[in-house]
Amino acid sequence: QVTYDCWLTAMNMCEPGKDYKDIGGLIENYVTEKGFTTVRNFCGHGIGSVFHSTPNILHYKNNEPAGQMAYGHTFTIEPMICEGSNKHVSWPDEWTAATADGKRTAQFEHTLLVTNDGIEPLTGKLPDSPVQFWEENSKIHKGIWLGNKTT
């Protein structure tokens, strides 16, 4: 639940003119207050003619000059939140990662489009999609999150 709610908190602050670096501080503050950690070795990213492009969206407090959100930007927010250590180990398949202490993690991800007045999830659910328990139990937004646009 903490992973879902920190993810929503971060997405809700997104709009033209906001700094990308501020996403990480919101996520880290939310999860550490609840006793969790955020992975630092993986990040969200820009989506463009190259799939994994700038800006890098760090999910922890940082001062990286990643720029500001602007109309038409497309990027991901995909925090990985851990019960214990945020250190990872890579498996021999060179794809799978696990926490160094073997404790559980959770992750949510959306590809997001910056609009004139907020963001729209490009990988989001439809208004008539089934509501999951983490959506029902959210302290940030009850039900299906369809973006934060005001119009």
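What comes next is a walk through the structure. Bear in mind that the values here come from a model prediction, so they are computed numbers and not experimental data.

How each quantity is defined
- Residues numbered from 1 in each chain as written.
- Predicted model: local features only at pLDDT ≥ 70, side-chain atom pairs only at ≥ 80, totals over all residues.
- Heavy atoms only, no water.
- Buried < 20%, exposed > 50% of the residue type's maximum accessible area, 1.4 Å probe, protein only.
- Helix = DSSP H or I, 4+ residues; strand = E, 2+ residues; numbered from the N terminus.
- Contact = heavy atoms within 4.5 Å.
- Salt bridge = Lys/Arg side-chain N within 4 Å of Asp/Glu carboxyl O.
- Phe/Tyr/Trp six-rings, centres within 6.5 Å; stacked < 30°, edge-to-face > 60°.
- Lys NZ or Arg CZ within 6 Å of the ring centre and 35° of its normal.

The next point concerns helix α2 (residues 22-32). Every buried residue of α2 is accounted for by Ile23, Gly24, Gly25, Ile27, Glu28, Tyr30 and Val31. Along its buried surface, α2 packs onto α1 (2-12), β1 (37-38), β3 (53-57), β4 (74-77) and β5 (80-82).

This next bit is on the pattern of salt bridges. If you walk through the whole model with that rule in mind, you get five salt bridges. A salt bridge links Asp22 to Lys21, with the shortest nitrogen-to-oxygen separation between them at 3.3 Å. We classify Asp22 as partly exposed; its relative accessible area is 32%. Judged by relative accessible area, Lys21 falls into the partly exposed class, the value being 25%.

Across all of its chains, the model carries six aromatic pairs by this definition. Considering the side-chain rings of Trp7 and Phe108, the 5.2 Å spacing of their centres and the 25° angle between planes classify their relative orientation as stacked. Linking Trp7 in helix α1 with Phe108 in the loop between β8 (105-107) and β9 (110-114), this pair joins segments that are 101 residues apart in sequence. Classification of Trp7 as buried rests on a relative accessible area of 4%. Plain terms: the ring middles of Phe133 and Trp134 are 4.9 Å apart, the flat faces sit at 75° to each other, and that makes the pair edge-to-face. Among the aromatic residues, those joined into a ring-pair cluster are Tyr4, Trp7, Phe108, Phe133 and Trp134. The positively charged end of Lys34 is found above the aromatic ring belonging to Tyr30, 4.3 Å away from the centroid.

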